[in-house]
Amino acid sequence: MSMTYVTKKNFCAASDDKESPEDEKISASVERLLVRTTKLSTVTIKLYRLMIVVRIGIFVLFFKWRISTALVMMSSNDTDRTSTVRAMWTVSIAGELWFALMWVLDQLPKMQPVQRAVDTAALDESLLPSMDVFVTTADPEKEPPLVTANTILSILAADYPADKLTCYVSDDGGAQLTREAVAEAARFAVLWVPFCRKHGVAPRNPEVYFSAGFHGGVKARAVTRGEYKGMAWPELARDRRRVRREYEELRLRIDALEAGDKRRRQRWSTADDGSCRRRGTAEDHAGVVEVLVHPPSRTPQLGVSAVDARNFLDLSSVDVRVPAVVYICREKRRGVAHHRKAGAMNALLRASAVLSNAPFILNLDCDHYVNNSQALRAGACFMLDQGGGDVAFVQFPQRFDGVDPGDRYANHNRVFFDCTELGLDGLQGPIYVGTGCMFRRSVLYGVDPPRWRLHGDAGKDVSTEADTFGTSTPFLRSVRTVLNRSSEERDATYSPPCPFDGGIGEATVLVSCGCEDSTAWGRDIGWVYGTVTEDVATGFSLHRRGWRSAYCATAPDAFRGTAPINLTDRLHQVLRWAAGSLEIFFSRNNALLASRHRLHPLQRVAYLNTTLYPFTSVFLMVYCLLPAAIPPLMSGNAAAALSMGTPPASATYIAFLAALMATLAVVAVMETRWSGITIGEWWRNEQFWMVSATSAYLAAVARVAFKVAARKEISFKLTAKQTAAATSGAGVRERFAELYAVRWTALMVPPAVVLAVNVTSMAAAVQGGRWRNGPAAALAVAFNAWVVAHLYPFALGLMGRWSKTLSPLYLLVALFTIRLLCSILRLHTV
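Its UniProt record gives the chain the following Sequence similarities (unreviewed entry) comment, quoted word for word: "Belongs to the glycosyltransferase 2 family. Plant cellulose synthase-like F subfamily." Per its UniProt entry, the chain bears the Subcellular location (unreviewed entry) comment "Golgi apparatus membrane".

Tallied over the full model, the rule gives 34 salt bridges. Residues R330 and D172 are paired through a salt bridge, measuring 2.5 Å at the closest nitrogen-oxygen approach. Pair noted here: R330 is in the loop between β9 (324–329) and α9 (340–355) and D172 is in the loop between β5 (165–171) and α5 (176–199), with a separation of 158 residues, a long-range link. Assigned by exposure class, R330 and D172 land together as buried. Linked through salt bridges whose partners overlap, the residues forming this network are R399, D401, R414, D418, D557, R560 and E681.

Summed over the entire model, instances satisfying the criterion amount to 38 aromatic pairs. Geometrically, the ring pair formed by F469 and W521 is edge-to-face, given 6.4 Å between the ring centres and 85 degrees between the ring planes. Placement of F469 in helix α12 (residues 466–469) and of W521 in the loop between α14 (500–510) and α15 (534–544) is noted, with a sequence separation of 52 residues between them. Relative accessible area serves as the criterion here: at 2%, F469 is assigned to the buried category. Taking the relative accessible area as the measure of exposure, W521 reaches 5% and is therefore buried. On the numbers, 5.2 Å between centres and 85 degrees between planes, the contact of F585 with F586 is edge-to-face. Judged by relative accessible area, which is 46%, F586 ranks as partly exposed. Here a set of aromatic residues connected by ring pairs shows up, and it is made of F59, F62, F63, W65, W103, Y653 and F656. The ring of Y209 carries the charged tip of R240 above its face, separated from the ring centre by 4.9 Å. Above the ring of W521, the side-chain terminus of R350 is found at 4.8 Å from the ring centroid.

Quick look at the UniProt feature "active site" (unreviewed entry) in the chain now. Feature annotation in UniProt places "active site" (unreviewed entry) on D172 and D535, given in this structure's numbering. Judged by its relative accessible area of 8%, D172 is buried. Structurally, the position occupied by D535 is in helix α15. Judged by relative accessible area, which is 12%, D535 ranks as buried. Once residues lying within four places of it in the same chain are set aside, the contact partners of D535 are Y432, V433 and G434.

Here the focus is unusual backbone geometry. Residues apart from glycine generally show negative phi values, whereas peptide bonds are mostly found in trans. With omega at -5 degrees, the peptide bond leading from A202 into P203 counts as cis. Position of P203 relative to the elements: it lies in the loop between α5 and α6 (206–210). In this chain, A555 is followed by P556 through a cis amide linkage whose omega measures 0 degrees. Here P556 lies in the loop between β15 (548–551) and β16 (559–562). Despite not being glycine, H339 has its phi angle at roughly 60 degrees, a positive value. By secondary structure assignment, the location of H339 is in the loop between β9 and α9. Residue class for H339 comes out partly exposed when judged on its relative accessible area of 32%. Within the chain, N413 stands out as a residue other than glycine whose phi angle is a positive 50 degrees. By secondary structure assignment, the location of N413 is in the loop between β13 (399–401) and α11 (414–424).

Before going further, it helps to spend a moment on the nonpolar core. In this structure, W192 and V394 are the most contacted members of the largest nonpolar core, which totals 65 residues. Top contributing element to this core by residue count: α5, with 10 residues. For V394, the residues in contact, after removing those within four places along its chain, are G379, F382, M383, G436, C437, M438, A550 and C552.

Now for the sheet that holds β15. Spatial strand order, β8-β9-β5-β4-β10-β14-β12-β15: 8 strands in an open sheet with mixed pairing. In this open sheet, the two edge strands, each paired with only one partner strand, are β8 (288–293) and β15. Strand after strand, the sheet turns through a mean of 20 degrees between neighbouring axes, direction not considered. Bridging between strand β12 (residues 391–395) and strand β14 (residues 437–440) involves 3 bridges; their strand directions are antiparallel. Each residue of the ladder has a partner; that of F393, found in β14, is F439. Sheet strands in contact with helix α10 (residues 375–384) are β4 (131–137), β5, β10 (360–365), β12, β14 and β15, and its direction is about 155 degrees off that of β12. Against the sheet, α15 touches β12, β14 and β15, its axis set at about 145 degrees to β12.

Conventions used here
Counting starts from 1 at the beginning of each chain's written sequence and moves along it residue by residue. Whole-chain, interface and lining totals are the exception, using all residues; otherwise, since this is a predicted model, local features are given only for residues with pLDDT of at least 70 and side-chain atom pairs are given and counted only at 80 or more. Side-chain measures here rest on the full set of heavy atoms in the structure, leaving out hydrogens and waters. UniProt positions are given in the numbering used here, feature names are shortened, and annotations may be inferred rather than shown by experiment. Counted as salt bridges are all cases of a side-chain nitrogen of Lys or Arg within 4 Å of a carboxyl oxygen of Asp or Glu. Labels follow the DSSP assignment, with helices taken as runs of H or I lasting at least four residues and strands as runs of E lasting at least two, numbered in each case from the N terminus. Exposure categories follow from relative accessible area, calculated using a 1.4 Å probe and restricted to protein chains: below 20% of the type maximum is buried, above 50% is exposed, and the middle band is partly exposed. Stacked, edge-to-face and tilted labels apply to pairs of Phe, Tyr and Trp rings (six-membered ring for Trp) whose centres lie within 6.5 Å, assigned for plane angles under 30 degrees, over 60, and everything in between, in that order. Whether a charge sits over a ring comes down to the Lys NZ or Arg CZ being within 6 Å of the ring centre and within 35 degrees of the ring normal. Any pair of residues with heavy atoms lying within 4.5 Å of one another is described as a contacting pair. For this analysis, a nonpolar core means a set of buried residues of the types Ala, Val, Leu, Ile, Met, Phe, Trp, Tyr and Cys, connected via side-chain atoms within 4.5 Å. Two strands form a pair only when DSSP identifies at least two bridges running between them. Convention adopted: a line fitted to C-alpha atoms gives each axis, helices being fitted over their contacting stretch, and angles between N-to-C directions are expressed from 0 to 180 degrees.

What follows is the structure, encoded as structure tokens:
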């Protein structure tokens, strides 16, 4: 195992400039270790790479034999069956080639994994840069205000200088409820933030901190004296009771706001006086920028001693400053394209530029709270480290609370984050996945990385004209400041062109509908438009320009969120991702057509795999349905022709099949070894891949095909978020009641058909004794069983079952149904 140590860079503007006192301070700490990079060159990795090469070699030999066999079979003199045989062989080989190609595209980019560890203590407090945190929300009905409030409180209480942190909350739905809930959270932060600092509270989400029971499958427990990191252990219990009472009152106030909002919406829905139109709707409302908490002073401000220790906190030795909070609601008008989340992020980027203009930006969804208070410092270490000047963004893995202990629907997605993203970190870096990501502000303005520009010429390779960024003079000044200083990251902040009070008007203009007209927003600068997966497209555009990214996994987890554990919501979420990936493939951000030579070849392969994978559903449906459904319904020449299109059960075929399955098993085991995931997590990922491929992927292909043909935008509904309280019930079954609540959707039809057809085919083969009719029949039954095993979590979700076992009633119903279908098929074939 080879070790590479990376130290802090001395960011000097020019070698002939005289060093300032700040430069000397950075030079003095140049040898301090910030990031340690470990190349995984162990025996496991070498064996993993060897098995990939071996399996690719087996693929080559298999297809050589397969195609030659197909040519012989298709040269049959029987003219009645030639066309059918040719079609079946063509479809079969095309599917096998596609599956092999997708497997290779998935494995190749993961062959150079690295692991990185940060030492936040080595980063000088005075060198921490200013940071803007973007929190996005759009619908208070599906994204509960209490969840958003807890996310904001965790950000404000993060272990970061209060004067260098600003939290921006984007309310894309323009809901009065969201604005009032954010204001309530800002008021409670005056008590919560000092409490966290005084006692070293973790995690700093009050709902999670105060809730008993399980969170993320781990039972909460009291902090012991040996683990306590604060300064007043005897006062912890008393202060905790006081803060908890205040938090319960906050929850009651937010509940009252929700109840009042519901009554208000009901009144508007029955009103005929146009009152709803005057107040605005989610798709038609005015822009608002409001400072809820003003920036604190740069010097620490200690609190006061408690006059009555029973009712007040003693904060005489605690810094009571609270970071700034800005509420933003961008303008929306009917008939104007708003570009979903990407448009909201670009509005936040412009508004923050004239208010705080921090060099680094962290974006979080409203349900992803700061779980590790050191997370912001960890991200800054990557940006400020030697060689970190070309890091565009730092992606943190997504972790979730409230997921069922078995993770039935692979919500944690550990294979992607701990295997794929970790593997890509050895190339140009991980893919941007939408939340829990820290950006360098300059990269979002279209600037090239340092290695691709002349030293000190950061601002000369990007136009700052109005046709690129817009006509706002203060904003153009802020852009020039960023671009001119992006090669000198020694500065802790970029001076904003307007103070907070004076910049509100300009920020409001920058979140209006017309500020992007005839500009490069969404194309060359900012978050990319044209797809619902703006995260992948934006990350690709940055990698294509030569920037790299970094993967940062901390312990404990940096951020945690809530995942949709209901099967319906989970399938709709996957549908949105799959359709967005296909939109990217049919756009100018297609990795196959990207002409920039700055993109690493294997990074291109990774993005190609990310945008192509939904097409697998087409071939998978053919393989899962035709072999099982068609033979029992055919007779005579048609059935014989179909059988000639299936793989011959020869010794050669069985040998190839055994070799491919054995190498797949070895690769899977090696993959779990170096990535740290378990075999169970890998298997759950495979199961849900089958569920997704037969449902959401197929629907995504159909929707995007319709969009390309009709040139019409497709809409997706927002995934509903759980409330924080829903994860802390008294019992496991009560807290995961959503898991076995059946909510029918059309996405369930294809996998249900696949499951029924394969179960029926398997039962018919066993009952009729066909599985004894040679190796081909036995392999067919084994394939049916393989499909059913993969769809087992879907079967549980379809029946609304909590446990992993089927009740006797469901077994009887299933057996009766299968027997009935077998009887019908037998009568049909007689």
